[in-house]
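Chain by chain, the residues run as shown.
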Amino acid sequence: METFAELGLKEEVNKALEDLGFVKPTPIQQKAIPHLLGSTSDLVALAQTGTGKTAAFSLPIIEQVDIKDKTVQAFILSPTRELCLQIARDIESFTRHLSKLKTIPVYGGAKIDTQIKQLLAGGQIVVGTPGRVCDMIRRKKLDLSKIKWVVLDEADEMLSMGFKDELDFILETTPEEKQTLLFSATMPKEIARIAKKYMTDPLEITAGQKNVGAENVTHVYYMVKPRSKYQALKRIADVNPDIYGIVFCRTRRETKEIADMLIQDGYSADALHGDLSQAQRDVVMHRFRSKHLQLLVATDVAARGIDVNNLTHVINYSLPDQVESYTHRSGRTGRAGNKGTSIVICSNRDKHKIRRIEKRINKNFEKGSIPKGREICEIRLMSMIDGLKKVEVDEENINEFMPAVFENLEGLTKEDVIKKFVSVEFNRILAYYKGAKDLNVSDDKERKDNKKGGRLEYTRFHVNVGKKNNLDPHRLMGLINEFPELNNVAIGQIEIFKKFTFFDVDSDYKAAILKALSNAEFEGIALVVEPVKARPEYSQKNRRGSRDDKEGRSGRRGKGSKRAYKASRNFRKKRR
Ligand code: ADP
Ligand code: MG
């Protein structure tokens, strides 16, 4: 199948696709659309970000809904409101010439009354986010009992965002007889489980390799000290005067901080994160899309589903917890045949993560060298001169002023004039980089920092919350990550008991952990954190250097952990 016309879609839809400039279906569309038009069996479709999954599921649905009937017939669940709105917008663009077909987006952070009114007025397709959809179902404003299609879009992201309960609740309200479609960029174990639980003999289709970064993306990492990360970011921006990219941070707090600092330092940047109102986000996104912003600083969640095709760079200011998220991030550049660069600014503690990502994307990172002050000055200078050469001279209008200008400059040589002219723009950057340090961490230094032949020293802490307080490893890591000074800290083993928890953290951060967590709360409980002795055998083996070793470290109480528990009990007794 070479063209959309061959699919035999409704004339109105073909016209809309033509308007949009869609001629040839993408590989995932070529595989999914005929299946969905011809069969009612379930479908798992895996394809990277940006491969056209929205049209792959929505075109067959549009083709088959009963336009005369205004009840909800298709339901699409999406993890974030940006994505929800984008899907709704896409479907609206496909159905532009089918005025009776209504698509209703139902998402949090906007007035519920308006959405209720829309639902009451009726529509064949509903696109929603988990929280708001549950709310609407509970209020009996959204009835999914008659639907024929359920689409779980970005299912991997839905799970990593912790929407499993919502997913269960929503799917409970749908009829037995329906076609379930699951779209995802990756296929982690949890997705396989979901597919097993909710789908009947799904057909699995894959377009391109799953879990693999886009072909046109070069992956580069820069190794610096944790405290030099921001300076490194600025230098990267400085040597790429035409940069147009997303800077990914881990937390809202970090996102705000980095964006604020960049703005203060005169960069064209802004932040996108969950604390912004929908209107504020729209403003930021509009400025970014129209290229009035060069750098968008964002969390994974906020950037989800943002569809901007010509990014030159994706910068991982902090690496994500999950390797999959890296694939999503880097997949935002190198689209539509363009080249892109995915940059990781990291410290030697992240080295193992880089290796893990390399395995997953089946591609090696290049080790980049943060340019030194001199190099940056040179590059900026040349970029400025190139710009100067391109300036068009308005002969007609400028000539009348030139004699006065020449007169004024009399006595200065050509060289003097050029030097002064260049300096106007350049003094700032020269001053900034004068005597600037080399930010790169050399291999020697890395070895010294990495105590005990690459192993980190951990300190074990006891904290007064546990399972009873709904603590789980993810939430504990979230809690620690919320503090910017702890953002990059390596977390080792976590053992969660009913009323308390043990966790291991890089010993260099002992004081920082005590300071930060002692003033923190969890589920309304003031935290009491104290260091405890690790059990002796534990310090020699089974050290986990990374926080993304999430599996296998829930609160299982193995032999070793019982001993650890005893050891720390003794310790606590002694202190009393
Ligand atoms: P995904 O959900 O796989 O990440 P999207 O469905 O958001 O990808 O599509 C990515 C971009 O590609 C969108 O801008 C979309 O309009 C465009 N697109 C999708 N299908 C086609 C096609 N067949 N021809 C041209 N552009 C397409
Ligand atoms: Mg999509």
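Here, every reference points to the structure presented above.
Rules behind the numbers
Residues numbered from 1 in each chain as written. Chains lettered and ligands numbered in written order. Predicted model: local features only at pLDDT ≥ 70, side-chain atom pairs only at ≥ 80, totals over all residues. Heavy atoms only, no water. Helix = DSSP H or I, 4+ residues; strand = E, 2+ residues; numbered from the N terminus. Contact = heavy atoms within 4.5 Å. Areas by Shrake-Rupley, 256 points an atom, 1.4 Å probe, with all protein chains shown as cover. Buried < 20%, exposed > 50% of the residue type's maximum accessible area, 1.4 Å probe, protein only. Pairing = 2+ DSSP bridges. Near = heavy atom within 4 Å. Polar contact = N/O pair within 3.5 Å; in protein donor to acceptor, adjacent residues only side chain to side chain. Nonpolar A, V, L, I, M, F, W, Y, C, P; charged D, E, K, R; others polar. Core = buried A, V, L, I, M, F, W, Y, C linked by side-chain atoms within 4.5 Å. Axes fitted to C-alpha atoms, helices over the stretch in contact; angles between N-to-C directions.

## With respect to the overall build of the chain
Looking only at helices and strands, one finds 25 helices and 20 strands in the chain. A sequence separation of at least 24 residues applies to 78% of the contacts in the chain between residues at least 6 apart. Carbon and sulfur atoms provide 50% of the accessible area of the chain, an area that totals close to 28,600 Å².

## Description of helix α6 (residues 130–138)
Burial in α6 covers these residues: P130, R132, V133, C134, M136 and I137. In the segment just after α6, K140 is the residue with positive phi, at about 60°.

## A few points about the pairing of strand β16 (residues 491–496)
Taken across its six residues, β16 has six buried, putting it largely inside the fold. As paired strands, β16 and strand β17 (residues 501–506) are joined by four bridges and run antiparallel to one another. Residue pairing in the sheet places I496 in a bridge with T501 of β17. From the end of β16 to the start of β17, which pair antiparallel, there are four residues.

## Regarding the site of ligand 1
Taken together, 14 residues surround ligand 1, and among them K24, Q29, G50, T54 and D307 come closest. Q29 has a polar side-chain atom sitting 2.8 Å from a nitrogen atom of ligand 1. Separating an oxygen atom of ligand 1 from a backbone N or O atom of G52 is a distance of 3.1 Å. Contact with the protein chains covers 77% of the free accessible surface of ligand 1, which is 570 Å². Taken together, the residues of the shell around ligand 1 break down into three nonpolar, eight polar and three charged.

## Digging into the nonpolar core
The tendency in soluble globular proteins is for nonpolar side chains to be buried as a group. Ranked by internal contacts, the top residues of the largest apolar core, which has 39 residues, are L59 and I62. Here the element with the most residues in this core is helix α4 (residues 81–94); it accounts for seven residues. Among all residues touching L59, those that are not within four sequence positions of it are F4, L9, V13, L17, I33 and F94. The next biggest cluster of nonpolar side chains, apart from the first, holds 33 residues, and it includes I104, M158, I170 and L171.

## What to know about the sheet that holds strand β9 (residues 245–249)
Across the sheet, which stays open at both edges, the seven strands sit in the order β10-β11-β9-β12-β13-β8-β14 with parallel pairing between neighbours. The open sheet has two edge strands with one neighbour each: β10 (269–272) and β14 (366–368). Sheet twist, expressed as the mean angle between neighbouring strand axes with direction ignored, is 25°. The sheet strands contacting helix α11 (residues 252–264) are β9, β10 and β11 (295–299), and the helix crosses β11 at an angle near 165°. On the sheet, helix α15 (residues 351–361) packs against β8 (217–223) and β13 (340–346) and is oriented at approximately 170° with respect to β8.

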